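# A look at the structure
Spelled out from the first residue to the last, the chains are:
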Amino acid sequence: MMGKNLITGGLGFLGSRVAKRLLDDGEEVVLFGRTTKSRFIKDIEEDKRLKIVQGDLRNFAQVIEAVKDNDIECIYHLGALLANEAEVSPQTAYEVNVNGTYHVLEAARLFKVSCVIFPSTIATYGQGIPDVVNEDVVQYPNNMYGVTKVIGERLGEYYYHRYGVNFRSVRFPAIVGPERTTGLSSYTSLMIIEPAMGRTYRTYVDEKVRCPFIYKNDAVNALVSLRYADEACLKRRVYNIEVISCTAAEEAAAVKKYLPEAKIEFHPDKKSVEILNAWAKDMDGTRAFQEWGFRLQYGLEETIKAVIDEVRQGTFTS
Ligand SMILES: NC(=O)c1ccc[n+]([C@@H]2O[C@H](COP(=O)([O-])OP(=O)(O)OC[C@H]3O[C@@H](n4cnc5c(N)ncnc54)[C@H](O)[C@@H]3O)[C@@H](O)[C@H]2O)c1
């Protein structure tokens, strides 16, 4: 059996899918989360190689214990407050996203964890950036979520240089899947989910919003393949990746190709549109491809088809 992984935020949308992938690959997984129940883990909760530890990232002792007691080799640090929640309470976002990341890095340092994988975000970029951003573009986020993720990236790099903690990070766009029904960028998923369920989708963005996205399987693949990338090939600790970049109107048109009856209406919410418009519109994934071979497996049409199929199977939408 291969390594033992701790997934913080492991009962969440992405964490549960990383867990599924690692279990499928024959690895052991410990989920660290505020609760022990979640709709996202119903397909894996019976697996004997899965353990759930209840804890709070804000509590250093609980993070340390989870690492120490479980002989952890790799931490996928996915636990965080996302954009909407972080805007509601910037103070809590600081505690969870910044202090929580510090706790994870300290635990990794103290217990010699071999790798820490951290999902960052396009929300770390702010206004005035080029249309396509690579890793050299300066990050000036205009929202608390982005601010906390920039701090996480820099702290991880510091721990790498100062203590040799093998921190690796990938900046994600919105992640799309049938499970993804809340959050600022969730329109990218809901625009497929709602019509696939035969319902009208009244979206909160306007036709021109261009929030890049990727299908969840590609996000999982990015994290797991980065974890196993050859250290000698990595020239940086934080990577941008290839994304799907289209406007909301273009996504709606693509959905209608597969669901001709789809009804999608635009009722823009000014604040949401303003925040989304400040995020990067497209990412340059050249370095991720050159240095660890990451490419999308799902383009726009494959993503739409995959989500429609999953909705029809009803695993996450019932
Ligand atoms: N979903 C996306 O579109 C997207 C895009 C870019 C980056 N990311 C990053 O991926 C990671 C996972 O996101 P997700 O979409 O699965 O969101 P999610 O909300 O489903 O998962 C986050 C998890 O963190 C947990 N959490 C929150 N506060 C905690 C605390 N104090 N202690 C322990 N656990 C806590 C939540 O309970 C939740 O299960 C996050 O770090 C997020 O920033 C997500």
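Definitions and limits used
- Residues numbered from 1 in each chain as written.
- Predicted model: local features only at pLDDT ≥ 70, side-chain atom pairs only at ≥ 80, totals over all residues.
- Heavy atoms only, no water.
- Helix = DSSP H or I, 4+ residues; strand = E, 2+ residues; numbered from the N terminus.
- Buried < 20%, exposed > 50% of the residue type's maximum accessible area, 1.4 Å probe, protein only.
- Contact = heavy atoms within 4.5 Å.
- Areas by Shrake-Rupley, 256 points an atom, 1.4 Å probe, with all protein chains shown as cover.
- Phe/Tyr/Trp six-rings, centres within 6.5 Å; stacked < 30°, edge-to-face > 60°.
- Salt bridge = Lys/Arg side-chain N within 4 Å of Asp/Glu carboxyl O.
- Near = heavy atom within 4 Å.
- Polar contact = N/O pair within 3.5 Å; in protein donor to acceptor, adjacent residues only side chain to side chain.
- Axes fitted to C-alpha atoms, helices over the stretch in contact; angles between N-to-C directions.
- Parallel < 35°, antiparallel > 145°, perpendicular 65-115°, else oblique.
- Left-handed = near helix turned anticlockwise from the far one by under 90°.
- Nonpolar A, V, L, I, M, F, W, Y, C, P; charged D, E, K, R; others polar.
- Core = buried A, V, L, I, M, F, W, Y, C linked by side-chain atoms within 4.5 Å.
- Domains from an automatic or database assignment.
- Pairing = 2+ DSSP bridges.
- Buried area = accessible area lost by both parts, 1.4 Å probe.

A tally of helices and strands in the protein yields 11 helices and 13 strands. Viewed in the frame of its principal axes, the protein has a C-alpha envelope of about 55 × 45 × 40 Å. Split into buried and exposed, the 318 residues of the protein put 57% on the buried side. Put simply, 76% of the contacts in the protein that link residues at least 6 apart link residues at least 24 apart. If you sum the accessible surface of the protein, you get close to 13500 Å²; carbon and sulfur atoms cover 49% of it.

Counted by the stated rule, this structure contains nine aromatic pairs. The interplanar angle of 25° and the centroid separation of 6.4 Å between the aromatic rings of Phe 60 and Tyr 102 together place this pair among those described as stacked. You can see Phe 60 sitting in helix H2 (residues 60-69) and its partner Tyr 102 sitting in helix H4 (residues 90-110), a full 42 residues away along the chain. When its relative accessible area of 30% is taken as the criterion, Phe 60 is described as partly exposed.

Next up on the list: the pattern of salt bridges. Inspection of the entire model under this criterion finds 21 salt bridges. A salt bridge links Lys 216 to Glu 310, with the shortest nitrogen-to-oxygen separation between them at 2.7 Å. In this pair, Lys 216 sits in helix H7 (residues 216-227) while Glu 310 sits in helix H11 (residues 300-313), placing the two residues 94 residues apart along the sequence. The pair formed by Lys 216 and Glu 310 is uniform in burial state, with each residue classed as buried. Salt-bridge contacts for Arg 236 lead to Glu 291; the nearest nitrogen and oxygen are separated by 3.9 Å. Here the residue Arg 236 occupies a position in the loop between H7 and strand S11 (238-240), and Glu 291 occupies one in helix H10 (residues 286-292), the gap between them amounting to 55 residues. One salt-bridge network, in which partners are shared between bridges, spans Glu 153, Arg 154, Glu 157 and Arg 171.

As a further point, take the site of the ligand. Neighbouring the ligand are 25 residues, the closest being Leu 14, Asp 56, Tyr 145, Lys 149 and Ile 175. Arg 34 has a polar side-chain atom sitting 3.1 Å from an oxygen atom of the ligand. In isolation the ligand offers 820 Å² of accessible surface; the protein chains occlude 91% of this area. Looking at the shell around the ligand, the elements with two or more residues in it are helix H1 (13-24), strand S5 (115-121), helix H5 (144-163) and strand S8 (174-176).

Orientation of H2 relative to H4, taken along the N-to-C sense of each, is 40°, at an axis distance of 9 Å. In terms of their interaxial angle, H2 and H4 are classed as oblique. Crossing geometry of H2 relative to H4 is assigned as right-handed. Note on element contacts: H4 touches H2 through His 103, Val 104, Glu 106, Ala 107 and Leu 110, opposite Phe 60, Val 63, Ile 64 and Val 67. For the contact of H2 with H4, the class distribution of residues is seven nonpolar, one polar and one charged.

Turning our attention to the nonpolar core. Formed by 109 residues in total, the largest nonpolar core has its most connected members in Tyr 76, Phe 172, Tyr 187 and Trp 292. Residue contributions to this core reach at least three from each of two domains, namely domain 1 (4-173 + 215-240) and domain 2 (175-212 + 243-281 + 298-313).

Burial along strand S4 (residues 74-77) is two-sided: Cys 74 and Tyr 76 facing one way and Ile 75 and His 77 facing the other are all buried. Pairing analysis gives four bridges linking strand S1 (residues 4-8) to S4, with the strands arranged parallel. Following the sheet pairing, Ile 7 is matched in S4 by Tyr 76. Two strands pair when backbone bridges link them, and S4 and S5 are joined in this way by three bridges, in the parallel orientation. Residue Tyr 76 lies in a different strand from S5, and its bridge partner there is Ile 117.

So, on to the sheet that holds S1. Taking strand neighbours across the sheet as the criterion, the seven strands line up as S3-S2-S1-S4-S5-S7-S11 in an open arrangement whose pairing is parallel. In the strand order of this sheet, the two ends are held by strand S3 (50-54) and S11, each with one partner. Taking each pair of neighbouring strands and ignoring which way they run, the sheet shows an average axis angle of 20°. In terms of strand pairing, S1 meets strand S2 (residues 28-33) through five bridges, oriented parallel. The residue bridging Leu 6 from the neighbouring strand is Val 30, located in S2.

Take the domain arrangement of the protein next. Each assigned domain of the protein is listed with its residue range as follows: domain 1 (4-173 + 215-240) and domain 2 (175-212 + 243-281 + 298-313). Using C-alpha coordinates to define each centre, domain 1 is positioned 25 Å away from domain 2. Listed per partner, the contact involves 25 residues of domain 1 and 20 residues of domain 2. Across the interface of domain 1 and domain 2, roughly 2000 Å² is buried in total on both sides, 64% from carbon and sulfur atoms. Per-residue buried area on domain 1 facing domain 2 is highest for Phe 13, Pro 173 and Tyr 215; these three make up 32% of the total on that side. Where domain 1 packs against domain 2, one counts two salt bridges. Of the charged contacts in the structure, one is a salt bridge between Glu 179 and Lys 216, with a shortest N-O distance of 2.8 Å. The interface formed by domain 1 and domain 2 contains eight residue pairs in polar contact (both at pLDDT 80 or more). Mapped onto the side of domain 1 that touches domain 2, the elements with two or more residues apiece are H1, helix H3 (83-88) and H7. In terms of residue count, the dominant contributor to the side of domain 1 that touches domain 2 is H7 (four residues).

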